[in-house]
Amino acid sequence: MKALQVLYLESVSFSPIGFHSLPNLKTLYCVDCELENFSLSLKNMRSLEILALIGTKIDEISEELVKFSTLKYLRLSGVGVEEEMNIPPNLVSRLTSLQELHVVSKSNINLLELNSLSRLTALSVILSTNQISQEYFVFPKLQRYAIVVDDCYTYLKAQTLKTVTIANFSSSLTAFNNLFCNVKKLKLRNVSGQKNIVPSIGKTGVNELTSLKLASCKDMEFLIDITSDQGPTVVFSNLVKLNIHNMVSWKGLCYGLSRSHRAIASLTRLRVVRIGSCHQLKTIFSPCVAQSMLYIEKLFIFQCDGVEQVIGFAQEDEIPENYYWPKLKTLRIMDCPIFSCFIVQARLLEGLVISNVGIIWKTYVPVLNEDCIVVENHEEVFQVQGGYSFSRIKELDLKNLFEVRIIWNDFVLSALRVLTEYVHCKTKVSILQPFNPTLF
């Protein structure tokens, strides 16, 4: 047994008095265990490099850890019997060989001690708002991290990612400056005092960000403010998923955008967009932003009382001749009472849901290129040019379109396999195409 270097224990209860016979042990991994006299056993494991205690009951997190001059990896999750893990003061700062630290439970860890860990490259930690508000603290530059402030630890493999989750926070976000430059997943919930993401939070453009979730941030108005010449020239270049919910001041994605800024805020990799309960929002995308979103696959807009248009074509001449979203598969617009018009070319569209939308004016739409779908809550819902539109559609759900008399004109629906149960209309509905009544 003296040659044993790796020991994995799961769901066992014992006293590790035999650890003195494992002088060469380098890795100890305990899952859902109960270890008695654990502090004493540490004296016999001076070669330990990796220590992971997950859901494991021990007597205490001992000062003996400091004597592990070779300890490179420390993971503590659900350790002890108390609700909050007790880490002795000045313990972390003396683990000078530590390269990875994962404290995935509530704890009293002092973040200022992290500044002493010059070799630290990976960090996972759950914090309270009081802990993160320590003056002068800034997270070090890290290769991998999962930082959670006053929220749940939801990423099962978060220690391999670059994620930041901040909730119920009203202080300065300066402590996160070194993380915002390369964060991949960012979630802000009930964070106040920020008007935008760029440049207020991501001064370098957050160009490694792939997923962004914003919820209940009462002061935030825009994703990007490009009115200042001091901002980055490229932003959100890798953003794939955007989720915005319950933002009482939210007005749009970009402020100060013009055609000359197209390269700055192109959002060219965006695939999934969900926006809900943003009642000051009137237009989702400006034409120059929407035109460059060639990878958009799913768009969900719901419960936005002020939304009038998905794409803000204020002037007729703003509609580009070759405008299209070639990969769009799912479009859902629900509970937007004054929504008026949506224009897009989408050959791959499979699911279309228009529910509880209203009408404010008759929007004039000129003849567009083939495969263009015009959705309006007027007398005619769809105007379709070209022979391929809806050729892949699997679901069509229209509800509470009270002005509707004609669903579509000049169009043969060849591949509709699922047409949801009914259409709520004030007047009689006409289906001007070959029609199978069994689909209703």
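That block above? That's the structure.
All of the points below concern the structure found in this document. None of these values were measured; they are calculated from a predicted model. (Residues numbered from 1 in each chain as written. Predicted model: local features only at pLDDT ≥ 70, side-chain atom pairs only at ≥ 80, totals over all residues. Heavy atoms only, no water.)

### Topic: the overall build of the chain
Piece 1. When you go through the chain residue by residue, the secondary structure sums to four helices and 28 strands.
Piece 2. Evaluated residue by residue, the chain yields a buried proportion of 50% over its 440 residues.
Piece 3. Considering only residue pairs separated by 6 or more positions, the chain has 53% of its internal contacts joining residues 24 or more positions apart.
Piece 4. Accessible area of the chain: about 20300 Å², with a carbon and sulfur share of 49%. (Helix = DSSP H or I, 4+ residues; strand = E, 2+ residues; numbered from the N terminus. Buried < 20%, exposed > 50% of the residue type's maximum accessible area, 1.4 Å probe, protein only. Contact = heavy atoms within 4.5 Å. Areas by Shrake-Rupley, 256 points an atom, 1.4 Å probe, with all protein chains shown as cover.)

### Considerations on the packing of aromatic side chains
Piece 1. Counted under the stated rule, the structure contains seven aromatic pairs.
Piece 2. Ring centres 5.7 Å apart and planes at 25° place the aromatic pair Tyr 8 and Tyr 29 in the stacked group. Placement of Tyr 8 in strand S1 (residues 6-10) and of Tyr 29 in strand S3 (residues 27-31) is noted, with a sequence separation of 21 residues between them.
Piece 3. Tyr 8 gets classed as partly exposed once you look at its relative accessible area, which sits at 47%.
Piece 4. Between Phe 285 and Trp 325 the ring centres are 5.8 Å apart and the planes differ by 85°, which places this aromatic pair in the edge-to-face class. Here the residue Phe 285 occupies a position in strand S18 (residues 283-285), and Trp 325 occupies one in the loop between strand S20 (309-311) and strand S21 (330-336), the gap between them amounting to 40 residues.
Piece 5. Judged by its relative accessible area of 1%, Phe 285 falls in the buried class. (Phe/Tyr/Trp six-rings, centres within 6.5 Å; stacked < 30°, edge-to-face > 60°.)

### Regarding the sheet that holds strand S12 (residues 196-198)
Piece 1. Across the sheet, which stays open at both edges, the three strands sit in the order S12-S14-S16 with parallel pairing between neighbours. Only two strands of the sheet have a single partner each, and these edge strands are S12 and strand S16 (252-255). If you compare each strand with its neighbour and ignore which way they point, the axes differ by 30° on average.
Piece 2. As paired strands, S12 and strand S14 (residues 222-225) are joined by two bridges and run parallel to one another. Residue pairing in the sheet places Asn 196 in a bridge with Phe 222 of S14. (Pairing = 2+ DSSP bridges. Axes fitted to C-alpha atoms, helices over the stretch in contact; angles between N-to-C directions.)

### Structural notes on the environment of Leu 74
Piece 1. By the element assignment, Leu 74 lies in strand S6 (residues 73-77).
Piece 2. For Leu 74, a relative accessible area of 4% corresponds to the buried category.
Piece 3. Here the alpha-carbon distance between Leu 74 and Glu 49, two residues 25 residues apart in the chain, equals 8.5 Å.
Piece 4. Among residues more than four places away in sequence, those in contact with Leu 74 are Leu 51, Leu 95, Leu 98, Glu 100, Leu 101 and His 102.

### Quick word on the nonpolar core
Piece 1. If you look at the biggest cluster of nonpolar residues, it comprises 111 residues, and the most contacted ones within it are Phe 176, Ile 197, Phe 236, Phe 285 and Trp 325.
Piece 2. What Phe 285 contacts, discounting residues up to four positions off in sequence, is Leu 253, Val 273, Ala 290, Met 293, Leu 299, Val 310, Ile 311, Gly 312 and Trp 325. (Core = buried A, V, L, I, M, F, W, Y, C linked by side-chain atoms within 4.5 Å.)

### A short note on the pattern of salt bridges
Piece 1. Applying the stated criterion across every chain, the model contains nine salt bridges.
Piece 2. Between Glu 49 and Lys 26 there is a salt bridge; the shortest N-O distance is 3.9 Å. With a gap of 23 residues between them, Glu 49 in the loop between helix H1 (38-41) and strand S5 (50-54) and Lys 26 in the loop between strand S2 (13-14) and S3 connect regions that are remote in the sequence.
Piece 3. With a relative accessible area of 24%, Glu 49 lands in the partly exposed category.
Piece 4. The residue Arg 271 makes a salt bridge to Glu 297 at a minimum N-O spacing of 2.9 Å. Placement of the pair is Arg 271 in the loop between S16 and strand S17 (272-276) and Glu 297 in the loop between helix H4 (287-291) and strand S19 (298-302), with a sequence separation of 26 residues.
Piece 5. For Glu 297, a relative accessible area of 22% puts it in the partly exposed group.
Piece 6. Among the charged side chains, a salt-bridge network with shared partners connects Asp 151, Lys 187 and Arg 189. (Salt bridge = Lys/Arg side-chain N within 4 Å of Asp/Glu carboxyl O.)

### Some remarks on a positive patch on the surface
Piece 1. A cluster of basic residues, Lys 213, Lys 241, Arg 274, Lys 298, Lys 327, Lys 329, Arg 392 and Lys 394, forms a positive patch at the surface.
Piece 2. With respect to the helices and strands, Lys 329 occurs in the loop between S20 and S21.
Piece 3. Look at Lys 329 and you get partly exposed, because its relative accessible area is 35%. (Patch = residues over 30% accessible without salt bridge, like charges linked within 9 Å, V, L, I, M, F, W, Y side chains within 5 Å. Lys, Arg positive; Asp, Glu negative; His and termini not counted. Charge placed at Lys NZ, Arg CZ, Asp CG, Glu CD.)

### A short note on the pairing of S21
Piece 1. Sheet analysis places S19 next to S21, joined by five bridges and oriented parallel. Bridged to Phe 302 within S21 is Met 334.
Piece 2. In this structure, S21 lies alongside strand S23 (residues 351-357), joined through six bridges in parallel fashion. When the bridges of S23 are listed, Arg 332 appears paired with Val 353.

### A look at the environment of Leu 112
Piece 1. With respect to the helices and strands, Leu 112 occurs in the loop between strand S7 (100-103) and strand S8 (122-127).
Piece 2. Separated by 26 residues in sequence, Leu 112 and Val 138 have C-alpha atoms that sit 8.4 Å apart.

### Description of the environment of Leu 239
Piece 1. Here Leu 239 lies in the loop between S14 and strand S15 (241-245).
Piece 2. Since its relative accessible area comes to 0%, Leu 239 is described here as buried.
Piece 3. A C-alpha to C-alpha distance of 7.5 Å links Leu 239 and Asn 207, two positions 32 residues apart in sequence.
Piece 4. Setting aside residues no more than four positions away along its own chain, Leu 239 makes contact with Leu 209, Thr 210, Ser 211, Leu 212, Leu 267, Arg 269 and Leu 270.

### Re unusual backbone geometry
Piece 1. Of the consecutive residues Val 198 and Pro 199, the connecting peptide bond is found in the cis state with omega at 10°.
Piece 2. Its identity is not glycine, yet Asp 32 carries a phi of approximately 55°, on the positive side.
Piece 3. With respect to the helices and strands, Asp 32 occurs in the loop between S3 and strand S4 (34-35).
Piece 4. Asp 32 gets classed as partly exposed once you look at its relative accessible area, which sits at 46%.
Piece 5. The phi angle at Asp 335 is positive, at roughly 55°, despite the residue not being glycine.
Piece 6. Inspection of the secondary structure assignment puts Asp 335 in strand S21.

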